[in-house]
Structure formats: C-alpha cells, structure tokens
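Survey of secondary and tertiary structure
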Amino acid sequence: MKKYLPVILNIALLLLASLTNAKAQHIELLEHGKPTSIRGLSVVDDKVAWVSGSSGTIAITKDAGKNWNWQQVKGFEKADFRDIEAFSDKEAIIMSSGTPALILKTMDGGANWQVKYRNADTAYFLDAMDFADKKHGFVLGDPINNKFLLLETKDGGENWLPFKNSPIALPGEAAFAASGTCLRFLSPYYGFITIVTGGVSSRLISNTLHNEWEYSNLPITHGKPSQGAFSFASGKNNGIVVGGDYVNDKKTDSIAAIHEVDPFLMFPNPVKGPAGYQSCVEFILNDTFLSTGTPGSNITTDGGKTWTRVDDTSYNVCRKAKQGTLVLLAGDRGKIGILKP
C-alpha cells in the first residue's frame with residue numbers, strides 16, 4: 001500500500017487544485033447602466049474589445065475594459081446589432097437582426113461605418129456571424145424556404161453573397177440571435193462550419209470538408225420556440241453545447257451536452273450541468289469552459305462533465321481574446337464583466 005501512497009497523494013492534490021481553481025475564479029462588474037442590451041462581443045487581445053447591442057449601440061475599450069468609448073451609429077439608432085467581429089482597434093464588422101437585415105463595417109475605430117449588406121425583405125433575420133480569418137466569414141440567418149440563410153464573404157466583409165449549399169431546416173427549427181455563437185468556424189474535425197439550432201428540433205449541423213452537411217440530434221431541451229441549443233464551443237478535447245429555455249431560465253435539466261471527440265458523435269449529458277439556461281459558452285484553456293445566461297455564469301474544468309456556478313449576475317455573452325487571455329462578459333443595460341482568476 002505504501003508504494004501507492006505518492007500516486008494517490010498526487011491525484012488528490014491535482015483534484016484539489018482543480019476544485020480550488022474553479023472556486024477562485026470570479027466575475028467582476030466593469031460597466032453598467034447604459035440603455036442597451038448587449039449581445040455582440042468580440043475580444044481582439046488583452047487590451048482591445050468591442051461590444052454591440054440594441055438602439056444602434058457600439059462601444060470599444062483599449063485598456064482591457066477599464067474605460068469604454070460608447071456611441072450610437074449615426075442613421076442606425078433603431079438597429080439591434082446582435083453580433084460583432086473585430087480585428088483590431090480600427091477594424092470591425094457589425095450585424096443587425098430584424099428588418100432591414102444589415103451588415104456594416106468600420107476601418108477607423110467606429111468614426112465612420114459603411115453599409116456592406118442590406119436586405120429589407122422581412123423574411124431575413126440574421127442570427128450570428130463568425131470568421132475563420134480576417135478575410136473569410138459567414139453570417140447565419142433563420143430559415144427561408146426550408147433552408148438556413150448563409151451569407152459568405154471572402155474579402156473581409158466588403159461583399160456578402162448567399163452560400164450555394166445551405167443546410168436544410170426542419171419545420172419549426174431556427175437559430176437563436178442570443179450571443180452570436182450558434183455559428184462557429186471550427187477545425188476540420190468538427191467541420192468547415194458548425195451550427196446549433198432550437199425550436200421544435202435541436203440539432204448540431206456541420207459542414208464537412210466535402211461540402212456536405214451532417215445533422216446530429218442534441219439532448220437539449222426543445223419543442224417550443226424558446227427552447228433549444230443556443231451556443232457551441234470547441235476545445236482541445238471536445239466540444240460543448242449549451243442552451244435550455246429562456247422563458248423558464250431556472251430549468252436545469254438538458255441544458256448542456258458534451259461532444260466527445262470520436263467518430264460516433266456521442267453527446268453524453270453532464271454529471272452536473274450549469275445552473276439554468278445558458279445563452280453562450282466559450283472555450284478558455286485545456287478542459288476549462290465558461291458559460292453564461294440570465295440565471296448566472298458557470299465554469300467547468302473537466303471538459304463539461306461537471307459545472308460550478310461562479311456568479312449569479314445575468315449576462316448574454318462571454319468571449320475570450322483571440323490573441324491573449326482576457327475574458328469578458330456582456331448583457332442587458334450595458335452590463336460588462338470580466339473573468340478574474
């Protein structure tokens with residue numbers, strides 16, 4: 001027995017360190033009180049981040065969230081900018097949900113915005129945007145004629161064209177414009193792009209390297225327009241899907257699903273899931289993911305098997321720096337928070 005004691009002790013210490021780390025992490029409120037609901041968040045690096053929201057509101061920080069420069073985009077004061085993709089403190093692209101469907105771009109830090117896409121057809125409702133790199137990006141919209149709307153750019157958002165091979169939508173299926181993360185550009189294993197859906201059905205839809213779509217049912221609450229999968233994030237070893245029912249946001253069953261990295265697309269339920277509806281999930285490091293929603297924020301350090309509630313403040317979106325470690329959250333009434341170790 002003695003020869004196993006060092007091994008047992010090391011395992012115990014690792015488990016204790018993991019639990020201590022999860023408990024030590026907390027969220028600090030940086031900004032609050034602006035008359036806007038923020039759902040768009042893009043963290044460029046450890047200093048620069050942008051947010052976008054309702055009432056045509058945009059803000060940028062250049063000092064890791066300590067100070068924010070707020071503005072209403074002139075001429076678009078009624079637009080609801082549900083997603084934003086930023087590449088620097090000068091260049092960003094914003095997307096609006098509702099009518100008209102809009103995509104705007106700035107090259108001078110928000111001083112001027114140019115319309116790059118506009119569609120006044122009421123059938124068009126944009127949900128999310130993501131970029132593989134500075135040039136290549138997609139915008140996802142709700143289904144039209146039983147197919148999800150996909151717009152593609154290959155020139156950094158200057159021009160947007162319909163994707164020729166859009167995925168098929170089931171009756172009553174749609175995507176949620178909740179945090180801009182129901183659409184993700186991912187590694188080749190997960191697919192060219194990945195979409196998670198809700199409503200009558202809840203599915204993970206992936207585009208393969210052969211430009212074919214694969215469809216997988218998710219063990220996430222669904223059946224009503226307020227239910228389904230809201231967000232997906234991939235990590236080193238697996239992917240995490242979160243969602244639930246935003247009308248019954250305290251409901252804790254069937255909230256998160258784990259996508260194990262194997263060819264069978266297994267989706268086991270967590271042993272202990274997040275505390276209620278979650279509208280966004282973000283990969284942080286190793287097996288650590290952060291999720292957030294109206295009931296609060298949760299962290300997992302074991303790849304999604306167990307979750308710990310770290311904050312009970314309502315947020316809509318959480319994002320990590322593309323280059324760096326800064327993690328920010330944003331929500332209603334201009335609320336912005338930061339994840340602290």
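For the structure, see preceding data.
Cut-offs used in this document
- Residues numbered from 1 in each chain as written.
- Predicted model: local features only at pLDDT ≥ 70, side-chain atom pairs only at ≥ 80, totals over all residues.
- Heavy atoms only, no water.
- Buried < 20%, exposed > 50% of the residue type's maximum accessible area, 1.4 Å probe, protein only.
- Helix = DSSP H or I, 4+ residues; strand = E, 2+ residues; numbered from the N terminus.
- Pairing = 2+ DSSP bridges.
- Phe/Tyr/Trp six-rings, centres within 6.5 Å; stacked < 30°, edge-to-face > 60°.
- Lys NZ or Arg CZ within 6 Å of the ring centre and 35° of its normal.
- Axes fitted to C-alpha atoms, helices over the stretch in contact; angles between N-to-C directions.

Another aspect to go through is the pairing of strand E18 (residues 203-207). Consecutive side chains of a regular strand alternate in pointing toward one face of the sheet and then the other. By the criterion of burial, E18 is predominantly enclosed, with five of the five residues buried. Residues Arg-203, Ile-205 and Asn-207 line one face of E18 and the alternating positions Leu-204 and Ser-206 line the opposite face, and both faces are buried. The sheet contact formed by strand E16 (residues 193-196) and E18 spans three bridges and is antiparallel. Its bridge partner being in E18, Thr-194 is matched across the sheet by Ser-206.

Time to look at the packing of aromatic side chains. Under the definition given, this model contains 13 aromatic pairs. Ring geometry for Phe-131 against Trp-160: centres 6.1 Å apart, planes inclined by 90°, an arrangement best described as edge-to-face. Taken together, the positions of Phe-131 in strand E10 (residues 126-131) and Trp-160 in the loop between strand E12 (147-153) and strand E13 (161-162) put the pair 29 residues apart, joining distant regions of the chain. We classify Phe-131 as buried; its relative accessible area is 8%. Ring geometry for Phe-138 against Phe-163: centres 5.1 Å apart, planes inclined by 85°, an arrangement best described as edge-to-face. Of this pair, Phe-138 sits in strand E11 (residues 137-144) while Phe-163 is found in the loop between E13 and strand E14 (173-174), placing the two residues 25 residues apart along the sequence. Residue classification places Phe-163 among the buried positions, given a relative accessible area of 13%. Ring-pair connections join several aromatic residues into one group, and the members of that group are Phe-138, Phe-163, Phe-185 and Phe-192. Across from the ring centre of Tyr-315, 5.8 Å away, lies the NZ or CZ of Lys-335, which sits over that ring.

Turning next to the sheet that holds strand E27 (residues 317-320). As summarised here, the arrangement of the four strands in space is E1-E29-E28-E27, forming an open sheet in which the pairing is antiparallel. Across the chains shown, the open sheet's two edge strands, defined by having one partner strand only, are strand E1 (26-31) and E27. Direction aside, neighbouring strands of the sheet carry axes that sit 25° apart on average. The pairing of E1 with strand E29 (residues 336-340) spans five bridges and is classified as antiparallel.

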